[in-house]
Amino acid sequence: MIETRGLRKSFTSRQGREKKKVEAVRGVDLDVAEGEIFGFLGPNGAGKTTTLRMLATLIEPDGGSATIAGADLLKDPGEVRRRIGYVAQGGSTWDDSTAREELVLQARLYGIGKAAAHKRAQAVLDGFQLSEYADRKCKTYSGGQRRRVDIALGIIHEPKVVFLDEPTTGLDPQSRAHMWEEVRRLRAEGMTVFITTHYLDEADALCDRISIMDNGAIVASGTPAELKREISGDVVRVGLAMDAVAPAASALSAYKIETYDDSVRLYVEDGAVAIPQILRALDAAGVPLGTIELHRPSLDDVFLTKTGRSLRES
Amino acid sequence: MKLLRDTSLIFQRQAKLLLQNPVWILVGVFQPVMYLLLFAPLLKPALQVQTNAEAYEIFVPGLLVLLAIFGGLFQGFGLIAELRAGVIERSRVTPVSRLALLLGRSLRDVVSLIAQAVIITLLALLFDLRVFLGNLLLAYLMLALISLMTSALSYGIALLVKSEDALAPLMNTVAQPVLLLSGILLPLTHAPGWLQGVANWNPFSWAVNGTRALFRGDLGAPEVWQGLLIMAVLAVAAVLWAAREFARSVR
């Protein structure tokens, strides 16, 4: 449904008198199958949004190729526009318009006739449980309601693919769960959903496949389970006092280790076997232990091994 | 025709939002009426004319051109608010004509300017202004072209600078010399030669002269077709340029 090869984009940023060329996206290959919920992960500044905006025809790629829903992005962006929906991160509704007005206008901008546009608007209002507020001004809506209107606007023309840029950022947990349901419903209606997110638990729970982007390039792709399996074994996290991190790291240098301000993370074959050994090693080195916990690798660990940093810090 | 359909969709939305908030009519008419009441009486002696009617014949067209220029130049602020709300981006992912995104908005501005101009003309009739209907309609055409140009220009610049903080000083800097060098408030007939020479390079000065000729009833004056032609060419250029900004604007 989406296939890109070597998609590139660079910007010139000006710092004082010097012009600097920034390669925001340096050759992205993506393959998204029909009917998938595809997650696109990466820290801020990784090039996620630039990639998304290229795929949504909002900015022109410098090079590479892409086919979206059967239309060529570079040769026929007009056709791509007809076949996709795009929901931006920052919202898209006007304070003084009502949800119904916005939906009817959006449908008509896609070339749908007046009567049909009203019908479609009513259908999506029902689908997104917005009928009750449909004729109130958008400025009276809650954050979650407004976000649902944004998504309704993005799919009013029944696109084959819909791009959602961080649809749950800034929502409370209940609205987030609600949004996940909406995303699954879109897929059930036959849409392919391309979603960017900051939340690894979201990617894990919601997405069929994910790609991780860092520094303008894809560093890993696969199903969440596959990616986690790539990191063999378990993760042991040892909580320590701040000044104990360095001695602990040297005592445990035999393991694959990541150090943090107040802890170290060890990647081991088998946690149950490793934990007593770790305890003994720390004891022998005289390092006072805070806490110790064992867990299966999470997407955060995948992220850490692929990009060298945690998504939370970035 | 797709362009017509898209333009009317955008126009209808913008007009509806404007009418929801009719305060603009009051604000838009209040200031010019103040000029009519408080400034125009000074003109009879200053312009050395015999009657009030003659003074208004000179002053009202200038006032209308002034409204068209300023009304248009400050429309960009509304667009920046729309950019921030994401409305423009939402339009740009649809197959809607980019030219229509601009024209729908600019035509809304033209219509509201003409509405303002009609009210002011009617009020000026109370002060003994007399003008032939045909000439008046041509003068309104001139005003429409001016406002189409300045509003398109303002939208294009708004898409480039994307912030009110940059737009406000920019527009003021442009508007002030344009205003002073066009003989809008007082005709430049008594101006020193060098000032008239500079004003000849100001397209709005031609527009003002043309509009004044129309109010005078001098339909055959060369200023009329010259002013209309210059404004038409500049309006088309401004519209095409601003529509291109709608097509390629990056956030």
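Please read these numbers as outputs of a predicted model, since none were measured by experiment.

Basis of the calculations
Residues numbered from 1 in each chain as written. Chains lettered and ligands numbered in written order. Predicted model: local features only at pLDDT ≥ 70, side-chain atom pairs only at ≥ 80, totals over all residues. Helix = DSSP H or I, 4+ residues; strand = E, 2+ residues; numbered from the N terminus. Buried ≥ 20, exposed ≤ 12 C-beta atoms within 10 Å, placed from the backbone. Contact = placed C-beta atoms within 7 Å. Nonpolar A, V, L, I, M, F, W, Y, C, P; charged D, E, K, R; others polar. Pairing = 2+ DSSP bridges. Core = buried A, V, L, I, M, F, W, Y, C linked by C-beta atoms within 7 Å. Axes fitted to C-alpha atoms, helices over the stretch in contact; angles between N-to-C directions. Parallel < 35°, antiparallel > 145°, perpendicular 65-115°, else oblique. pLDDT = per-residue confidence, 0-100. Expected span 1.5 Å × (residues − 1). Arc of directions from axis to C-beta.

Chemist: Before we go on, may I ask you to explain the overall build of chain A in this structure?
Modeler: Across its full length, chain A carries 11 helices and 14 strands. Across its three principal axes, chain A shows a C-alpha extent of roughly 80 × 45 × 40 Å. A total of 314 residues make up chain A; the buried ones form 42% of that total.

Chemist: I'm lost on the interface of chain B and chain A in this one. Help?
Modeler: A common way to report how large an interface is uses the accessible area buried once the components associate. Counting residues at the interface gives 16 residues for chain B and 22 residues for chain A. Considering each element in turn, the side of chain B that touches chain A owes the most residues, five residues, to helix α6 (residues 87-92) of chain B. For the side of chain B that touches chain A, the per-class residue count stands at eight nonpolar, four polar and four charged.

Chemist: Got a minute to help me understand the environment of Thr196(A) in this structure?
Modeler: Mapping Thr196(A) onto the fold places it in strand β8 (residues 192-197). Not counting the four nearest positions on each side in its chain, Thr196(A) is found in contact with Phe40(A), Lys48(A), Leu52(A), Asp165(A) and Glu166(A).

Chemist: Mind showing me how you'd approach the pairing of strand β10 (residues 217-222) of chain A here?
Modeler: Successive side chains on a regular strand alternate, one facing one side of the sheet and the next facing the other. Residues and elements named next belong to chain A. Where strand β9 (residues 209-214) lies against β10, five bridges are found, and the strand directions are antiparallel. Directly across from Ile210, in β10, lies its bridge partner Gly222. Between the antiparallel neighbours β9 and β10 lie two residues, among them Asn215 with a positive phi of about 55 degrees.

Chemist: Mind showing me how you'd approach the nonpolar core here?
Modeler: Generally speaking, nonpolar side chains in soluble globular proteins are found buried as a group. In this structure, Phe163(A), Val65(B) and Leu143(B) are the most contacted members of the largest nonpolar core, which totals 140 residues. Looking at which element gives the most residues to this core, the answer is helix α8 (residues 133-161) of chain B, with 16 residues. Those residues in contact with Phe163(A) that sit more than four places away from it in its chain are Leu52(A), Leu55(A), Ala56(A), Ile84(A), Gly85(A), Tyr86(A), Val87(A) and Phe194(A). With 13 residues, the next largest nonpolar core counts Val235(A), Leu240(A), Leu266(A) and Val268(A) among its residues.

Chemist: Mind showing me how you'd approach the packing of helix α4 (residues 52-73) of chain B against helix α9 (residues 164-180) of chain B here?
Modeler: All names here are of chain B. Direction vectors running N to C along α4 and α9 enclose 170 degrees, while the axes themselves pass 11 Å from each other. Accordingly, the angle class assigned to the pair α4 and α9 is roughly antiparallel. In contact with Leu66, Ile69, Phe70 and Leu73 of α4, α9 contributes Met171, Val174, Ala175, Val178 and Leu179.

Chemist: I tried to follow the confidence of the model for chain A on my own but got confused; where do I start?
Modeler: In low-pLDDT segments, the atomic positions of the prediction should not be examined closely. The share of residues in chain A with pLDDT of 70 or more is 96%, and the mean pLDDT across the chain is 86. When the elements of chain A are averaged for pLDDT, helix α11 (residues 299-307) of chain A gives the smallest value, 74, and helix α3 (residues 99-109) of chain A the largest, 94.

Chemist: Quick question: what am I supposed to make of the sheet that holds β10(A) here?
Modeler: In any sheet, the strands associate via hydrogen bonds between backbone groups, in a parallel or an antiparallel arrangement. Residues and elements named next belong to chain A. Reading across the sheet, the six strands line up as β6-β7-β8-β3-β9-β10 and stay open at both edges, with mixed pairing between neighbours. Both outer strands of the open sheet, β6 (84-87) and β10, are each paired with one neighbouring strand and no more. Sheet twist, expressed as the mean angle between neighbouring strand axes with direction ignored, is 15 degrees. Summarising the sheet, β6 and strand β7 (residues 161-165) pair through four bridges and their orientation is parallel. Among the inter-strand pairings, Gly85 is bridged to a residue of β7, identified as Val162. Lying over the sheet, helix α1 (residues 48-55) contacts β3 (37-41), β7, β8 and β9, oriented at roughly 150 degrees with respect to β7. Across the face of the sheet, helix α6 (residues 173-188) comes into contact with β3, β7 and β8 while running at roughly 155 degrees to β8.

Chemist: How should I be thinking about helix α1 (residues 2-19) of chain B in this particular structure?
Modeler: Quick reminder: α-helices carry 3.6 residues per turn. Residues three or four places apart thus point the same way. All names here are of chain B. End to end, α1 covers 26 Å across 18 residues, agreeing with the expected 26 Å (1.5 Å per residue, within 8%). Of all the residues in α1, the buried ones are Asp6, Thr7, Leu9, Ile10, Arg13 and Gln14. Taken end-on, α1 shows its buried residues confined to a sector of 155 degrees, consistent with a single buried face. In α1, the exposed positions angled more than 90 degrees off the buried face are occupied by Leu4 and Leu19.

Chemist: Got a minute to help me understand helix α11 (residues 203-216) of chain B in this structure?
Modeler: Residue and element names in this part refer to chain B. Its 14 residues give α11 an end-to-end C-alpha distance of 20 Å, which sits within 8% of 20 Å, the value for a rise of 1.5 Å per residue. Burial of α11 is extensive: 12 of the 14 residues sit out of reach of the surface. Three or more residues of α11 are buried, namely Phe204, Ser205, Trp206, Ala207, Val208, Asn209, Gly210, Thr211, Arg212, Ala213, Leu214 and Phe215. On its buried face, α11 is in contact with α4, α8, α9, α10 (193-199) and α12 (222-248). Among the residues trailing α11, Gly217 stands out with phi positive, at a value near 90 degrees.

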